[in-house]
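Chain by chain, the residues:
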Amino acid sequence: MDEGKQNYVYVPVTSSPQGIRIAILEPASDFSTPLHCSLLDVSLDSRPQYEAISYVWGDPTDQTTIFINNLPSKITRSLEIFLRYIRLPNQPRRIWADAVCIDQTNVQERNEQVKLMKEVYSYCERDLIWLGEENECTKTGIQGLKEMKALGFQRKPDSDLWKGEFKDLNNIAYNRHISSIINRPRIWERGWVMQEISCAPEVLLIIGHQSLDWSIVSAILDHSGTPDWSHGPWSHGMTTDQMFWTNFTRVQVISHQRDSVHGLHRLNSTLLDVLSRFRLTYCSDQRDKVYSYLGLATDAQQLGIVPDYGMDARDVFVEVAKKYIEAKANIDIITQSMWPLGDACYAYYTGTAREVKTIVANLPSWVPNFSCTISTDIMFAQRRIFSAGVEKISLPLEVSPSGALKIPGILVGKIEKLTPMFDLSGYVCPWSRSLMPIDLQDKNVKPKPYPTGGDRFEAFWRTVLRDCLTIPTRRLSPEDINRFALIFSKWRGRDGDGPRNFDYNCLDELVLKERDVFRDLGKVEEETSLRKFLMKWQFAEIEGGLFGMVPWEGRYNPEIGSKVGDLVLVVEGGKVPLIVRPVDRSISSDSTLDERVQMIGTGYLHGFMDGLAEEWADKSLLDRKKFDIV
């Protein structure tokens with residue numbers, strides 16, 4: 001920085017409520033010439049001409065100088081390199097760059113300017129995306145994408161990559177080259193860039209001195225499907241060319257959102273949809289895991305969520321969860337959350353320090369941790385599949401200053417015994433006599449009645465199947481129950497315990513009679529996606545003779561799943577029961593007479609998934625209470 005020169009001091013934007021600054025980047029023919037620009041105060045209402053830029057900030061401590069109106073100002077080295085590449089040799093270039101055009105030290109200005117981000121990128125001529133400097137790998141990747149576009153190759157749900165001119169694409173080197181453009185660059189992980197690309201009328205990828213128009217990438221991608229909070233970019237599955245298309249996952253979700261913004265493809269774009277769609281992103285400011293997507297969410301205004309950088313990230317996440325519950329009058333954001341709740345996500349991370357560093361800590365146990373890039377499995381309950389609690393929660397919602405959620409509910413019982421059905425060494429067949437409740441293991445003893453109706457053996461296998469078929473998920477019909485009852489009756493009536501660990505497709509060691517039984521069981525597993533389900537849920541025996549499926553995290557960390565002594569609640573606005581753990585009042589900062597509990601997860605409770613808890617509570621068979629979920 002020049003000795004004796006005062007640093008540049010920003011003048012407040014005064015053009016209008018839609019006012020922004022545009023940087024006029026001065027030309028230079030020499031790449032190494034210091035960067036100079038001037039700032040122009042303009043109103044977006046006048047539709048000024050400029051190009052917006054998108055880049056990764058990089059290390060905030062690695063800074064260099066740009067001269068604004070001939071006075072020095074600091075920017076990151078990542079931005080400096082990008083500006084040098086896009087600077088024109090003979091004429092000024094009008095650009096919008098957040099680090100230059102927003103006074104980053106002024107919290108009030110940041111709050112106001114962030115509200116305009118959607119318009120900034122919607123009204124620009126194009127968005128320039130900085131992928132980094134070029135090399136031989138990126139050059140080959142650009143050429144490969146252009147060839148795919150020229151040959152009319154496009155990913156579709158029924159596509160088959162291994163044919164015609166593309167038979168050699170199953171090549172590690174080729175995949176690496178493509179990935180160097182549309183997967184590996186850190187830009188595809190940056191939260192704000194998702195909105196920027198989605199809204200811009202045109203997008204140009206910049207790689208050193210080379211460029212690639214977004215239309216080339218878009219022409220290759222899939223423009224069908226309905227990605228939302230519960231569906232990924234490739235719907236329920238991938239084609240046989242999965243390895244190759246995995247490279248395109250990040251740009252595919254952007255393409256879907258871009259199609260939605262520009263009216264080319266109707267997608268659900270609630271805040272939860274958008275947050276889930278871009279789960280695999282990071283933000284240097286944890287609050288931006290919400291704020292960077294508000295411009296894409298169709299319900300952001302209804303929810304009343306506005307950027308406030310005076311709040312910390314923990315309070316932002318609590319506010320989002322609270323306002324969602326109030327807007328929907330249910331707790332789907334808790335029971336149907338695709339994010340780990342509270343601090344549970346730490347148990348899943350075995351990766352880089354960056355992943356752990358970006359997680360928001362000390363969240364209440366009921367709040368989805370939107371900073372977490374992994375997803376969790378849920379007890380899917382949409383489309384009225386389950387209706388355990390009353391449909392609406394009582395409002396106004398009570399959340400204490402410490403973040404405890406007060407919620408009315410019904411205590412159904414305490415977990416007395418847990419039986420995981422997935423061995424840590426790999427998948428184990430759940431249909432073993434030793435995994436059943438003790439009173440059901442003797443095939444010669446007639447099963448006793450189940451407390452809510454039917455017999456205990458039927459209740460057992462329906463519980464393990466959570467009473468559903470999958471893809472799409474739906475409840476077992478009377479016909480399904482009768483069909484499965486015959487299969488399980490044959491299984492229970494066989495002699496011996498049978499093998500625990502085997503492949504349903506390799507049953508040669510079993511005699512013909514047993515082979516038919518286990519082949520039928522294999523078909524049941526396929527129809528119910530049971531193998532995947534049992535990786536996250538375990539069988540529970542609950543006081544009062546009840547059966548349930550409750551969270552199990554044995555594959556990651558046995559300490560964060562359900563434990564004996566945990567409680568099963570049915571609460572207002574909850575489609576499925578909650579599994580909670582009583583909290584020692586002596587270690588709590590809140591003083592309350594209500595039951596204080598920690599959220600563990602959700603569960604299936606056989607017989608209570610359609611409102612029976614309310615009926616029993618009305619008859620004084622169960623107790624109504626208020627719970628503070630801390």
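Computed from a prediction, not measured in an experiment: that's the story for all the values here.

## Considering the overall build of the protein chain
Moving on, step 1. Summing up its helical and strand segments, the protein chain has 21 helices and 20 strands in all.
Moving on, step 2. Relative to its 630 residues, the protein chain shows a buried fraction of 55%.
Moving on, step 3. By sequence separation, contacts in the protein chain at least 24 residues apart represent 73% of the contacts at least 6 residues apart.
Moving on, step 4. Accessible surface for the protein chain amounts to roughly 27600 Å². Of this, 49% is attributable to carbon and sulfur atoms.

## A word on the packing of helix 17 (residues 456–464) against helix 18 (residues 478–493)
Moving on, step 1. As a packed pair, helix 17 and helix 18 sit with axes 11 Å apart at the nearest point and diverge in direction by 110°. Taken together, helix 17 and helix 18 sit at an angle that is classed as roughly perpendicular. On helix 18, the residues touching F457, E458, W461 and R462 of helix 17 are I481, F484, A485, F488, S489, W491 and R492.
Moving on, step 2. Of the residues assigned to the contact of helix 17 with helix 18, the class counts are seven nonpolar, one polar and three charged.

## Some points on the side chain of R462
Moving on, step 1. Position of R462 among the secondary structure elements: in helix 17.
Moving on, step 2. In this structure the side chain of R462 is engaged in a polar contact, spanning 2.9 Å, whose partner is the side chain of E458.
Moving on, step 3. Apart from residues no more than four positions distant in its own chain, R462 is found in contact with D467, L476, I481, Y604 and H606.

## Structural notes on the packing of aromatic side chains
Moving on, step 1. This structure, assessed with the given rule, holds 20 aromatic pairs.
Moving on, step 2. With a centroid separation of 5.3 Å and an interplanar angle of 75°, the aromatic rings of Y291 and Y309 are classed as edge-to-face. A residue pair is termed long-range when its members are at least 10 positions apart, and Y291 in helix 12 (residues 288–291) and Y309 in the loop between helix 13 (300–303) and helix 14 (313–328) qualify at 18 residues.
Moving on, step 3. Y291 sits in the buried class, given a relative accessible area of 1%.
Moving on, step 4. Each member of the aromatic cluster is reached from another via a ring pair, and the members are F457, W461, F484, F488 and W491.
Moving on, step 5. Directly above the ring of F533 sits R466, whose terminal nitrogen or CZ lies 4.2 Å from the centroid.
Moving on, step 6. In this structure, R492 is placed above the aromatic ring of F457, and the distance from its NZ or CZ to the ring centre is 5.3 Å.

## Topic: the environment of D520
Moving on, step 1. Secondary-structure assignment places D520 in helix 19 (residues 512–528).
Moving on, step 2. Considering only alpha carbons, one finds D520 and F484, 36 residues apart in sequence, at a separation of 9.0 Å.

## Quick word on the packing of helix 7 (residues 191–199) against helix 10 (residues 249–261)
Moving on, step 1. Direction vectors running N to C along helix 7 and helix 10 enclose 45°, while the axes themselves pass 8 Å from each other. By the criterion of interaxial angle, the relationship of helix 7 to helix 10 is oblique. Pair helix 7 / helix 10 crosses with right-handed handedness. Contacts from M194, I197, S198 and C199 of helix 7 reach helix 10 at I254, Q257, R258 and V261.
Moving on, step 2. Grouping the constituent residues of the contact of helix 7 with helix 10 by class yields five nonpolar, two polar and one charged.

## With respect to the confidence of the model for the protein chain
Moving on, step 1. Taken over all residues, the pLDDT of the protein chain has a mean of 87, while the share at 70 or more is 85%.
Moving on, step 2. Long-range and interchain partners of residues 160–165, a stretch whose pLDDT sits below 50, account for 14 contacts in this model, where long-range means more than four residues apart.
Moving on, step 3. Contacts from residues 586–592, a stretch scored under 50 in pLDDT, to residues over four places away or in other chains number nine contacts.

## Focus on helix 1 (residues 77–86)
Moving on, step 1. Where burial is concerned, most of helix 1 is hidden: eight out of the 10 residues are buried.
Moving on, step 2. Along helix 1, the positions that sit buried rather than exposed are S78, L79, E80, F82, L83, R84, Y85 and I86.

## Points about the sheet that holds strand 1 (residues 19–25)
Moving on, step 1. If you walk across this open sheet you meet the nine strands as 5-4-2-1-6-3-7-8-9, and the pairing is mixed. Unpaired on one side and paired on the other, strand 5 (71–76) and strand 9 (210–213) mark the two borders of the sheet. Along the sheet, successive strands turn relative to each other by an average axial angle of 40°, direction set aside.
Moving on, step 2. Pairing between strand 3 (residues 51–54) and strand 7 (residues 127–132): three bridges, direction parallel. Considered in strand 7, the bridge of A52 is made with D127.
Moving on, step 3. Strand contacts of helix 1: strand 1, strand 3, strand 4 (63–68), strand 5, strand 6 (93–96), strand 7 and strand 8 (203–207), with the helix running at about 105° to strand 5, the strand carrying the most contacts.

## Regarding the pairing of strand 20 (residues 623–629)
Moving on, step 1. Where strand 11 (residues 405–419) lies against strand 20, seven bridges are found, and the strand directions are antiparallel. Paired with K406 across the two strands is D628, which belongs to strand 20.
Moving on, step 2. Relative to strand 20, strand 18 (residues 595–602) is paired through three bridges, and the arrangement is parallel. The residue bridging E595 from the neighbouring strand is F627, located in strand 20.

What counts and how
Residues numbered from 1 in each chain as written. Predicted model: local features only at pLDDT ≥ 70, side-chain atom pairs only at ≥ 80, totals over all residues. Heavy atoms only, no water. Helix = DSSP H or I, 4+ residues; strand = E, 2+ residues; numbered from the N terminus. Buried < 20%, exposed > 50% of the residue type's maximum accessible area, 1.4 Å probe, protein only. Contact = heavy atoms within 4.5 Å. Areas by Shrake-Rupley, 256 points an atom, 1.4 Å probe, with all protein chains shown as cover. Axes fitted to C-alpha atoms, helices over the stretch in contact; angles between N-to-C directions. Parallel < 35°, antiparallel > 145°, perpendicular 65-115°, else oblique. Nonpolar A, V, L, I, M, F, W, Y, C, P; charged D, E, K, R; others polar. Polar contact = N/O pair within 3.5 Å; in protein donor to acceptor, adjacent residues only side chain to side chain. Phe/Tyr/Trp six-rings, centres within 6.5 Å; stacked < 30°, edge-to-face > 60°. Lys NZ or Arg CZ within 6 Å of the ring centre and 35° of its normal. Left-handed = near helix turned anticlockwise from the far one by under 90°. pLDDT = per-residue confidence, 0-100. Pairing = 2+ DSSP bridges.

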